[in-house]
Amino acid sequence: GDAIDEGVALYFPGPSSFTGESILELQGHGGMVVLDRLVQRCVELGARLARPGEFSERAFFNDKMDLAQAEAIADLIDASSVEAARSAVRSMQGEFSRLINVLVEQMIQVRIFVEAAIDFPEEEIDFLQDKALVVNLDQLAADLEKVLAQAQQGAILRDGLTVVLAGRPNAGKSSLLNALAGNNAAIVTSVPGTTRDVLRERITLGGLPLNIIDTAGLRDSDNEIEQEGVRRAWKEIAGADQILFLADATETPNPNLKDLWPEYFQLYPGSTQAVTLLLNKIDLSGHSPGMIDATTIAISAKDKSGFDALGLHLQTTIGYLGHAEGLFSARRRHLVALQNASTLVQNGIQQLKG
Ligand SMILES: Nc1nc2c(ncn2[C@@H]2O[C@H](COP(=O)(O)OP(=O)(O)OP(=O)(O)O)[C@@H](O)[C@H]2O)c(=O)[nH]1
Ligand SMILES: [Mg+2]
């Protein structure tokens, strides 16, 4: 037949290839049509298209990497900030796995004492009274906590934080969304009740990925469309990691969240959600930008003032330390497993110390 393209063929003999199997890599000039013809010809000759992630899967099954490393490849591809990408690379290179393996080694040391006590109950010595056991267990508990804290940071970098903008109509929620995202995604007008649909923007603030959600202003309304908007707003509020409640500074002489938003505290008494009051439009009220108290920040969406304080506040409320050095990507599954291990080790320590 006729030539499809001119290119390079690279042969990676197993077992030192990425997947551990022998691989032939064909490199062409690219472009949809040429590439498609090349793939078609390969399929005609007996090849098939790889499933998504199949190369990583094969590498995993051939012991070229463990599961945490294979997952990190997906995290790297999906990374939404430079920091998230760096931490994914660290996991991919096995940093997370190495820390876990150290914990497993420590766990085995502890098991040796316990199993000796079970296997040789008639011995004079009580293995469980050995001082080394308590020392080992305490060390293990401390190390587990450290890895868990790091993994939590890694998970934040991977998933980002869901931040919902809530408040009365006209408080400036959509203006804030636009100012943070640096575009005019949301319609802003001086008419209260402008926003009805839920709007989402993904941004990074100080390396922290945020899913910012703009919602309809909360009020009772006879308008059916607005009612639906308010219903959707409450749904987003319920699922938020962090709620920013905006209030108009010119109408709010005494900024107190409980007075400004009693419905929330009636609906969720004893809520552990993070709620912050943003006093907006300070360019009109004359407040100075920044923290007023631990959960109140003065800002102006119009002038973009007070944003540094807002960024810092979001980072500290979720315990993000703002630097990704030594971090690795982690998933909810990893956090749950580490948390369970930590609880079990604490139980062990308590029973031992009686
Ligand atoms: N001076 C000043 N005006 C602002 C500021 N933020 C918002 N506004 C104005 O306030 C009005 C309402 O702003 P929006 O962003 O639409 O308010 P919203 O909270 O989204 O309102 P709804 O969608 O109706 O709930 C607009 O006229 C904005 O230009 C601010 O920081 N300073
Ligand atoms: Mg709006």
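Residues numbered from 1 in each chain as written. Chains lettered and ligands numbered in written order. Predicted model: local features only at pLDDT ≥ 70, side-chain atom pairs only at ≥ 80, totals over all residues. Heavy atoms only, no water.

Visitor: Which parts of the structure should I look at to understand the overall build of the protein?
Guide: Summing up its helical and strand segments, the protein has 13 helices and nine strands in all. Against the compact-globule benchmark of 20 Å for 354 residues, the protein has a radius of gyration of 28 Å, which places it well outside the compact range. With the principal axes as the frame, the protein shows a C-alpha extent of 85 × 70 × 35 Å. Across the protein, every contact between residues at least 6 apart in sequence was considered, and the portion connecting residues at least 24 apart equals 60%. (Helix = DSSP H or I, 4+ residues; strand = E, 2+ residues; numbered from the N terminus. Rg over C-alpha atoms; globule rule 2.2 N^0.38 Å. Contact = heavy atoms within 4.5 Å.)

Visitor: Got a minute to help me understand the packing of aromatic side chains in this structure?
Guide: Each pair of aromatic rings is reported with the distance of its centres and the angle of its planes. Under the defined criterion, the tally for this structure stands at seven aromatic pairs. Plain terms: the ring middles of W234 and W261 are 5.7 Å apart, the flat faces sit at 25° to each other, and that makes the pair stacked. Taken as a pair, W234 in helix 8 (residues 224-238) and W261 in the loop between helix 9 (257-260) and helix 10 (262-267) lie far apart in primary sequence, 27 residues in all. Here the two residues W234 and W261 agree in accessibility, since each one is buried. In this structure an aromatic cluster arises from ring pairing among W234, F245, W261, Y264, F265 and Y268. Across the ring face of F265, the terminal group of K258 is positioned such that the distance to the ring centre comes to 4.9 Å. (Phe/Tyr/Trp six-rings, centres within 6.5 Å; stacked < 30°, edge-to-face > 60°. Buried < 20%, exposed > 50% of the residue type's maximum accessible area, 1.4 Å probe, protein only. Lys NZ or Arg CZ within 6 Å of the ring centre and 35° of its normal.)

Visitor: I would appreciate a short explanation of the coordination of the magnesium ion (ligand 2) in the present structure.
Guide: Expected angles at a metal are 109.5 degrees for tetrahedral coordination by four donors and either 90 or 180 degrees for octahedral coordination by six donors. Taken together, S174 (OG) and T195 (OG1) make up the full set of protein donors to the magnesium ion (ligand 2), lying 2.0 Å away. Of this pair, S174 sits in helix 7 (residues 173-181) while T195 is found in the loop between helix 7 and strand 4 (199-205), placing the two residues 21 residues apart along the sequence. (Donors = N, O, S within 2.8 Å, 3.2 Å for Na, K, Ca; no water.)

Visitor: Teacher, can you tell me more about the layout of surface pockets here?
Guide: Gaps between atoms show up when a probe of the same size as a water molecule is rolled over them. The computed volume of the largest pocket comes to approximately 840 Å³. What lines the largest pocket is a set of 23 residues, and nearest its centre among them are I23, L24, E25, R48 and F55. Looking at the lining of the largest pocket, the elements with two or more residues in it are strand 2 (23-27), helix 1 (32-44) and helix 2 (54-61). Sorting elements by how many residues they give to the lining of the largest pocket places helix 1 first, with five residues. Among the residues forming the lining of the largest pocket, the class breakdown is 14 nonpolar, four polar and five charged. (1 Å grid on protein atoms, 1.4 Å probe; cavity = no way out; pocket = protein on both sides within 12 Å on 5 of 7 lines; lining within 4 Å. Points joined across faces, edges and corners; volume = space filled by probe spheres on them. Nonpolar A, V, L, I, M, F, W, Y, C, P; charged D, E, K, R; others polar.)

Visitor: Can you help me understand the nonpolar core in this one?
Guide: For soluble globular proteins, the rule of thumb is that nonpolar side chains tend to be buried together. Within the largest apolar cluster, 28 residues are counted, with the highest numbers of intra-cluster contacts made by L165, L176, L210, I212, L244, L246 and L278. At the level of secondary structure, the elements contributing two or more residues to this core comprise helix 6 (131-159), strand 3 (161-167), helix 7, strand 5 (208-214), strand 6 (242-248) and helix 12 (307-317). Dropping the residues within four chain positions of it, L165 is found in contact with K173, L176, L177, I212, I213, D214, T215, L244 and L246. (Core = buried A, V, L, I, M, F, W, Y, C linked by side-chain atoms within 4.5 Å.)

Visitor: What is the right way to look at the packing of helix 6 against helix 13 (residues 332-353) in this model?
Guide: The axes of two packed helices give the description: the angle between them and the distance between them. Contact pair helix 6 / helix 13: the axes reach a minimum separation of 9 Å and the direction vectors enclose 160°. It follows that helix 6 is roughly antiparallel to helix 13 by the angle criterion. Crossing handedness for the pair helix 6 and helix 13: left-handed. Its residues assigned to classes, the contact of helix 6 with helix 13 comprises 16 nonpolar, five polar and three charged. (Axes fitted to C-alpha atoms, helices over the stretch in contact; angles between N-to-C directions. Parallel < 35°, antiparallel > 145°, perpendicular 65-115°, else oblique. Left-handed = near helix turned anticlockwise from the far one by under 90°.)

Visitor: Where do I start with the domain arrangement of the protein in this structure?
Guide: In many analyses, interface size is given as the accessible surface area lost on bringing the parts together. When cut into domains, the protein gives domain 1 (1-64) and domain 2 (165-317). Centre-to-centre separation of domain 1 and domain 2, based on C-alpha positions: 50 Å. (Domains from an automatic or database assignment.)

Visitor: What exactly am I supposed to notice about the site of ligand 1 here?
Guide: Taken together, 23 residues lie near ligand 1, and K173, S175, G193, T195 and D283 sit nearest. At 3.2 Å, a backbone N or O of A171 approaches an oxygen atom of ligand 1. Here ligand 1, which alone exposes 650 Å², has 88% of that area covered by the protein. Within the residue set of the shell around ligand 1, elements represented by two or more residues are helix 7 and helix 11 (282-285). (Near = heavy atom within 4 Å. Polar contact = N/O pair within 3.5 Å; in protein donor to acceptor, adjacent residues only side chain to side chain. Areas by Shrake-Rupley, 256 points an atom, 1.4 Å probe, with all protein chains shown as cover.)

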